[in-house]
Amino acid sequence: MGIQKRSLGGWIVLWIIIAIFAVWTIFPIFWAVVTSFKYTGDAYEPTFIPWIQFKPTLQGWHFVFITAGERTLRSLRNSIVIASCSSAIVLLLGALAGYSLARFVFRTWKNKDIAIWILSNRMFPPVAVLIPYFLLMRTLRLLDSPLAIILAHTVLNLPLGVWLMMDFFRDLPRDLEDAAFIDGCSHLGAFFRIALPLAAPGLVAVYVLSFIFSWNEFIFVLVLGFNRAITIPIVIAGALTTKGLEFWKVASMSLIGVIPVVILATFVSKYLVRGLTLGAVKG
Amino acid sequence: MKLKYADHKDVIKWAFLLPCLGYLVLMAIFPLVWSLSLSFTRWLGTIMEKPQWTGLTNFRNILFEDPRFWKALWFTVRFVSLAVTFQLGIGLGMAYLLRNNFRGRSFLRVLFLVPMACPPIAVAFLWKMMLHPDIGVINSALQMVGLPKVRWTTSVLVAPFTIVMVDVWEWTPFMFLALLAAFEALPVELDDAAAIDGASNFQIFRNITIPLIAPVIVTIVLIRVIDAFKLFELVFGITSCGPANATESLSYYVYLTGIKWFDLGKGAAMSWVFLLIVLGISLVLFRFRKTV
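Quick caveat: nothing in here was measured; it's all calculated off a predicted structure.

Student: Whenever I open this one, the overall build of chain A confuses me. Can you help?
Tutor: Each helix and strand counted, chain A has 13 helices and 0 strands in total. Reading chain A from its N end, one meets helices and strands in the order α-α-α-α-α-α-α-α-α-α-α-α-α. Relative to its full complement of 283 residues, chain A shows a buried share of 59%. Entry remark: accessible area of chain A is about 11800 Å², with carbon and sulfur atoms responsible for 70%. Between the mean site of the 23 positive side-chain charges and the mean site of the 13 negative ones, chain A shows a separation of 3 Å.

This is the structure in C-alpha cells:
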C-alpha cells in the first residue's frame, strides 16, 4: 500500500506479532532437534541450551541408525522408492491428461466436466477405499509389497498432477505449437519437443509435490504394509508405542521423516500453495 | 498441414486422456463400487469365509443403533468447524498485517512451509511429546510460571481442543500463504483511491479488500473443510481416539471397524455414509462458491 506509512510503534507491534507467530510455528521442530540430542532423563526437562543446560548425546541418533538401523534404512529405502515411482506415474499420466484437457475441445463430456470429475477423486476420504484396497491387494497377492502402496499413492496424487499440468499448459502460448505444425511437426512431436520442455518447471513442481505427499502419507501404508513395505511414517508411529517414553527416539525418528520433505518443499515453495489448492490459488 | 493437425487431433486427445481416466476408474471408482456392494453384506473377516447378503441392515445399524458413530460424526464436525475457523481467522489477520512488503518476508515464507510439508504423523508425535501431561515441555513450562498443569491429552474436556490446536498449528500457515498471495494480487490503486477519498482502514478492508478476495477465501475454506474431514493421523498419534472416545474422528472409527475389527460389511457401509456426508458438504460449499 503506497500511501499509508506505519509509525514506529506500529512497526514494533507488527514485529512482535510476527515473532510470536514464527516462534509458535517453528518451536515443535526446534524442540524435536533439541530432544533428539538428549539423554532420557534430560528429555523431560524444559532445557534448551546444549552443554550449558544439558549434556548432549547421540544416543537417539545411534538408536535410529545403528540399533534399529536395519528397519530405519529399509523404511527409508521404501519411502524413496514408493514416492519416486508413484510420482513418476502421476507425472506421466498427469502431463498427458493435462495437455489433452488444456489443448483440445471435448464435446460429449465438456472439458470442465472431465476436469471436475478428476478433481472429485481427491475429495473422497481415503478410508472410503481402505477395505476394497485391502481385499484387492490380498487377491493380487500384493499385501506388504511396495507396489500396492505405489498404486494407492498414485490415485491420491493423480488429480493434483492433472490439474496442475492443465494449468501450466494453459499458461503456455499456443503459437509455438502452431508454428511447429506449420513446419510439419506431428502432434506428438509438438508435445514432446515444444510443450513438454516449456512446461519443465511445472513438471518439476508436480513431481516434487507428489513426492512430498506420498512420503507423508500414512493410512494406506498402515493398512497395506506390515513389515517389508513399511515407510518412514510407520516407523515414526512405532517409535513411541514400542517401549515407554523414550522421547529422544521419537524426536530423531520424526526428524528423519521431516527433514527431507522440508528441504524439498523449500525448492518448490512457490508451488506448494498452488499444489495444495490444485491450481486454484497461485501462491 | 492444417489437415494433418485435424486428422490426428481426435486420436491424440483421447490417447492422452484415457490412461488417466482408466487409472482412476480402475483404482478409485471400482473400489468404491466394490465397497458399496460390500456394504449390503455381513462379513466378519476373521470368522467368515464369504460375505452374506443382509440388505440395509448395516446402514440401519450405523444410523440408528450405533451411538459411537454419531459421537464420532459430532466430534469430526466440531473439529472441522473450529479448526477451519481459527485457521481462517488467524491466517487472514496475519496476511492482512503482513501484506505490505517488509524485510524478512521471504524468510518467513520458507519458515511457514514447514508445518504443512511435515508428515502429519510426525506432527502428531512431536506434539504428543510436548503435550505429555506429566513430563511434556508445555506443562513443565506452565508450572515454571506458576500455572497449573493441563491434561492436554487425557481430559475428556480438553483433548478435543488439543487436536484442534495441533491442526491449527499445521494448517494456519497454508491459509496465511494463500491469502498473502491473494492480497499481493490486489491492485494497489483501489486502496489508494479509497484512502484519498477519506475511507478508513477498516472501511477499505470491509468494503474493498474482503469482497475482492472472497473467491480465494471460499476456495481455501472448501479445500480445508474437505481435508479436515479426513482427520486421522492426529487422532491416531496424539490420543488414539481417547479419552473415552472423546476424540474419535469418522476416519478413525471407519478404520477401527473395517480394518482393526475386520467387520468388513459394516466398515464398508460406514465409509459410504462418511463419503456421502463429505460429498453433501462439498456440494453445499461449491454452490456457495459460485454465488460469491
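There's more to say after this.
Student: Which parts of the structure should I look at to understand the overall build of chain B?
Tutor: Per the secondary structure count, chain B includes 12 helices and 2 strands. In chain B, the order of α-helices and β-strands from amino to carboxyl end is α-β-β-α-α-α-α-α-α-α-α-α-α-α. A compact globule built from 292 residues should have a C-alpha radius of gyration of about 19 Å, whereas chain B, at 24 Å, is more than 25% larger. For the C-alpha atoms alone, the extent of chain B along its principal axes is close to 80 × 75 × 30 Å.

Student: Would you take a moment to explain the side chain of Glu-246 of chain A for this structure?
Tutor: Following the sequence through the fold, Glu-246 of chain A ends up in the loop between helix H11 (232-241) and helix H12 (247-267). When its relative accessible area of 14% is taken as the criterion, Glu-246 of chain A is described as buried.

Student: Would you explain the nonpolar core in this entry?
Tutor: Within soluble globular proteins, side chains that are nonpolar tend to cluster in buried spots. Counting 208 residues, the largest nonpolar core has Leu-101, Met-137, Phe-169 and Leu-224 of chain A together with Phe-79, Met-116 and Phe-176 of chain B as its most contacted members. When neighbours within four sequence positions are excluded, Phe-169 of chain A is seen to be in contact with Ala-95, Gly-98, Tyr-99, Ala-102, Arg-103, Phe-191, Ala-195, Leu-196 and Ala-199 of chain A.

Student: I would appreciate a short explanation of the pattern of salt bridges in the present structure.
Tutor: Close approach of charged atoms lets side chains of opposite charge pair. Counted under the stated rule, the structure contains 12 salt bridges over all chains. Here Asp-227 of chain B ties to Lys-230 of chain B by a salt bridge, and the two come within 3.2 Å at their closest N and O atoms. Judged by relative accessible area, which is 18%, Asp-227 of chain B ranks as buried. The exposure class assigned to Lys-230 of chain B is buried, which follows from its relative accessible area of 17%. When salt bridges with common partners are traced through the structure, they connect Arg-122 of chain A together with Asp-227 and Lys-230 of chain B into a single cluster.

Student: Can you walk me through a positive patch on the surface in this structure?
Tutor: A cluster of basic residues, Lys-112 of chain A together with Arg-287, Arg-289 and Lys-290 of chain B, forms a positive patch on the protein surface. A per-element tally of the positive patch places helix H12 (residues 264-291) of chain B first, with 3 residues. Looking at the element boundaries, Arg-289 of chain B is found in helix H12. Overall, Arg-289 of chain B belongs to the partly exposed group, its relative accessible area being 35%.

Student: Looking at this structure, I do not really get empty space enclosed by the protein. What am I missing?
Tutor: One simple way to see leftover space: roll a probe sized like a water molecule over the atoms. Considering all chains together, one arrives at 2 cavities of 30 Å³ or more under this definition. Roughly 750 Å³ of internal volume is contained in the largest cavity. Residue lining of the largest cavity: 31 residues in total, with Pro-120, Trp-171, Asp-227, Lys-230 and Glu-233 of chain B positioned closest to the centre. Secondary structure elements with two or more residues in the lining of the largest cavity: helix H4 (111-123), helix H6 (146-171), helix H9 (200-216) and helix H13 (269-276) of chain A together with helix H7 (159-185), helix H9 (201-228) and helix H10 (233-239) of chain B. Its residues assigned to classes, the lining of the largest cavity comprises 18 nonpolar, 5 polar and 8 charged.

Student: Just checking my understanding: could you explain helix H11 (residues 250-260) of chain B for this structure?
Tutor: Residue pairs three or four apart in sequence face the same way in an α-helix, which turns once every 3.6 residues. Of all 11 residues in H11 of chain B, 10 are buried, a share of seventy percent or more. For H11 of chain B, the elements touching its buried residues are helix H5 (130-139) and helix H10 (219-224) of chain A together with helix H3 (67-97), H10 and H12 of chain B. In the stretch just after H11 of chain B, Phe-262 of chain B is the one whose phi turns positive, near 60°.

Criteria and cut-off values
Residues numbered from 1 in each chain as written. Chains lettered and ligands numbered in written order. Predicted model: local features only at pLDDT ≥ 70, side-chain atom pairs only at ≥ 80, totals over all residues. Heavy atoms only, no water. Helix = DSSP H or I, 4+ residues; strand = E, 2+ residues; numbered from the N terminus. Buried < 20%, exposed > 50% of the residue type's maximum accessible area, 1.4 Å probe, protein only. Areas by Shrake-Rupley, 256 points an atom, 1.4 Å probe, with all protein chains shown as cover. Lys, Arg positive; Asp, Glu negative; His and termini not counted. Charge placed at Lys NZ, Arg CZ, Asp CG, Glu CD. Rg over C-alpha atoms; globule rule 2.2 N^0.38 Å. Core = buried A, V, L, I, M, F, W, Y, C linked by side-chain atoms within 4.5 Å. Contact = heavy atoms within 4.5 Å. Salt bridge = Lys/Arg side-chain N within 4 Å of Asp/Glu carboxyl O. Patch = residues over 30% accessible without salt bridge, like charges linked within 9 Å, V, L, I, M, F, W, Y side chains within 5 Å. 1 Å grid on protein atoms, 1.4 Å probe; cavity = no way out; pocket = protein on both sides within 12 Å on 5 of 7 lines; lining within 4 Å. Points joined across faces, edges and corners; volume = space filled by probe spheres on them. Nonpolar A, V, L, I, M, F, W, Y, C, P; charged D, E, K, R; others polar.

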